[in-house]
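The chain contents come next:
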Amino acid sequence: MDVSQKTCRCRPFLSLRPAADRKMISSNPVGWVRDEENRNNRMKKKKKITHVALIGAMWMSGFSTLQAQHLEPVRAGMQAPVSDSLRTRTQHLDDVEVRAKKPRSALSSVTPVQTITSSELQLLGITSVGDAAKRMAGVQVRDYGGIGGLQTVSVRSLGACHTAVSYDGIVVSNMQAGQIDVSRYSLSNIRQLSVAIGQGSDLMQSARHYASAGILSIESRGIDWTSPQPWQLKVNAKTGSWGLFTPSLQYSQRLSSQTALTFDANMVRADGVYPFTIQNGRYKEHHKRYNSDILSGQGEVNLFHRWDKNELSAKVSYYNSKRGLPGVVILYNSDAEERMWDESCFAQMVWKSQLAPRLALNARLKYAHTWSKYEDYNVKYQGGKLTDIARQNEYYASATIGYNLGWGWTTALAEDFSIGDLRTNVVSQPNPTRYSSQTAWSLRWKWQRWQVDGNLVGTYISEKASKEDKGSSDSSSSSGSSGSSSSVNARIPADRKRISPSIAMNYRLLADETLYLRAMMKSTYRVPTFTDMYYLHIGNTNLKPENATEWNLGVTWAHQLEGNRCGIRLVESVCKPLLTPIIIR
């Protein structure tokens, strides 16, 4: 009875087996119970193993799908064998186009090139373009002193008139003095400064670049197309001794994915009253410098637009300043009454287009107007006052077309044409107008370790000068030059023509090492400025143009040390500039 009760209690387990098996085992109830318990334990183990296997299979399936999704966009043009279930889950990415300028290496350039970026300028604590140029080898900066004073750049002692200053791809000109004041450009809006001896490495540059003995290139910040924020605003202010205060503002706005606008403004204010000591025999006198104040402001607006394989940039800039000229230090006389006002504005446009896979075109347009006024109060002038006013206008157009011939050959042809005039209120000074045409043809050959660049620059200049009736109201301006009008030769100079050749090459000495040997020979040509030819009693239209020849031989080497954390860089160059001075016929 007890056994039957135990058998009945185990009857629920009989549902796991067929009826025939239950009849066969019923003759031994105790053995059947033990056998069923063993079978139940084995079934539980099989279920656990099955669950683990299913979970592992699902995880491996998901990993394979993710791997296929990540690898398929990378394997462009390759069809991987993927099952239908996984193929439906693959995500296809759209095409991505990346536009950027390929950085040019100064080590592999055929001519010496030095570059300082905006981040390096901040680390060095440089506050002006002139101070940045002083840190470059072979560059001399003439600083005429004072806050906001004139600063000119000269390359290898050839003079500021042989060194071009390029601002966003267009050379800045001053036909009156021939020198460019680099102190007018604010570092707050500069992305990069570079100095090239001879010429830059870009074949698509203008003919004025090819015609210069050296180039100081200034590139503004431009627009950041990759920034996730459509607009950026930066306000900065600096202060210093003697009342120096220089605030600046930069604002950029992306109007769309193809159009952007930037605005930059800055101001310089200083009183310039600083103390100094002079030795007068046994006595020391302490004085202060007066009439050296300055107040200047500059603003510019830039427009950028790009479409297909075209880029268009337009710029409008305005500059205004008024300052005092302290003059020389004279014992017992601290009077200084000289004042100067400067105003300049220009508008320029640069268009770059890739017309075909091997054909490119760059076009440039510019109009510039400058106005300057000089005043001095002294009893030596008629009426006790001298006022000189000068105005300049320039119209400039340039185009460069380049073509890749293949087999390592590339050629470019650049044409520049400009009209410039000078108008003054000085009665004895004529008003000149200059017509300039410059044509540059360049050819580049690059094969294995060799690169050779050569170009020919043709210059044609024609002038005319007229003596207009400037009226009696300007008599005060000519009083300081009375009696000198007879010495001014108003003869129009003959047309000037010249072809200037240039050749540069480099050779990589070792295939697995950045070691280059380079050489250059360049000839340049400069005509006298309007001041040299027409200014009062010192002007002379019989002056001959200057011819300059540059020779350069150098070695460049760079090596990255183990760990890629530091390196060695060596640039050695030997130059020999030859300059024929201005000669009177």
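Cut-offs applied
- Residues numbered from 1 in each chain as written.
- Predicted model: local features only at pLDDT ≥ 70, side-chain atom pairs only at ≥ 80, totals over all residues.
- Heavy atoms only, no water.
- Helix = DSSP H or I, 4+ residues; strand = E, 2+ residues; numbered from the N terminus.
- Buried < 20%, exposed > 50% of the residue type's maximum accessible area, 1.4 Å probe, protein only.
- Phe/Tyr/Trp six-rings, centres within 6.5 Å; stacked < 30°, edge-to-face > 60°.
- Lys NZ or Arg CZ within 6 Å of the ring centre and 35° of its normal.
- Core = buried A, V, L, I, M, F, W, Y, C linked by side-chain atoms within 4.5 Å.
- Contact = heavy atoms within 4.5 Å.
- Pairing = 2+ DSSP bridges.
- Axes fitted to C-alpha atoms, helices over the stretch in contact; angles between N-to-C directions.

Visitor: Looking at this structure, how should I read the environment of Ala164?
Guide: Mapping Ala164 onto the fold places it in strand S4 (residues 163-167). Judged by relative accessible area, which is 7%, Ala164 ranks as buried. Sequence separation between Ala164 and Tyr210 is 46 residues, and the spatial gap between their C-alpha atoms is 9.9 Å.

Visitor: Whenever I open this one, the packing of aromatic side chains confuses me. Can you help?
Guide: Aromatic rings in a pair are described by how distant their centres are and how their planes are angled relative to each other. One pass over the full model with this rule turns up 8 aromatic pairs. For the ring pair Tyr367 and Tyr395, a centre distance of 5.1 Å and an interplane angle of 40° mean the geometry is tilted. Within this pair, whereas Tyr367 is found in strand S16 (residues 359-377), its partner Tyr395 is found in strand S17 (residues 385-406), the two being separated by 28 residues in sequence. Among the aromatic residues, those joined into a cluster by ring pairs are Tyr167, Tyr185 and Phe346. The ring of Trp341 has Lys373 sitting right over it, with the charged end atom 5.1 Å from the ring centre.

Visitor: Is there a simple way to think about the nonpolar core in this case?
Guide: Formed by 29 residues in total, the largest nonpolar core has its most connected members in Val129, Leu193 and Ile218. Among the secondary structure elements, those contributing two or more residues to this core are helix H6 (129-134), strand S2 (139-143), strand S3 (151-155), S4, strand S6 (190-197) and strand S7 (214-220). Counting residues per element, this core draws most heavily on S6, at 4 residues. With sequence-adjacent residues up to four places away left out, Leu193 is seen in contact with Gln114, Thr115, Ile116, Leu121, Val129, Ala132, Met136, Leu187, Ser217 and Ile218. Among the nonpolar cores identified, the runner-up in size contains 8 residues, and Ala207, Ala412, Ala414 and Ala440 belong to it.

Visitor: Which parts of the structure should I look at to understand the sheet that holds S7?
Guide: Paired through their backbone hydrogen bonds, the strands of a sheet run either parallel or antiparallel. Strands sit in the order S1-S6-S7-S4-S5 across an open sheet of 5 strands; the sheet is mixed. Both edges of this open sheet fall to strand S1 (113-117) and strand S5 (170-172), since each of them pairs with a single strand only. For this sheet the average axis-to-axis angle between neighbouring strands, irrespective of direction, equals 25°. Sheet topology places S4 next to S5; 3 bridges connect them, and they run antiparallel. The partner of Tyr167 across the bridge, within S5, is Ile170.

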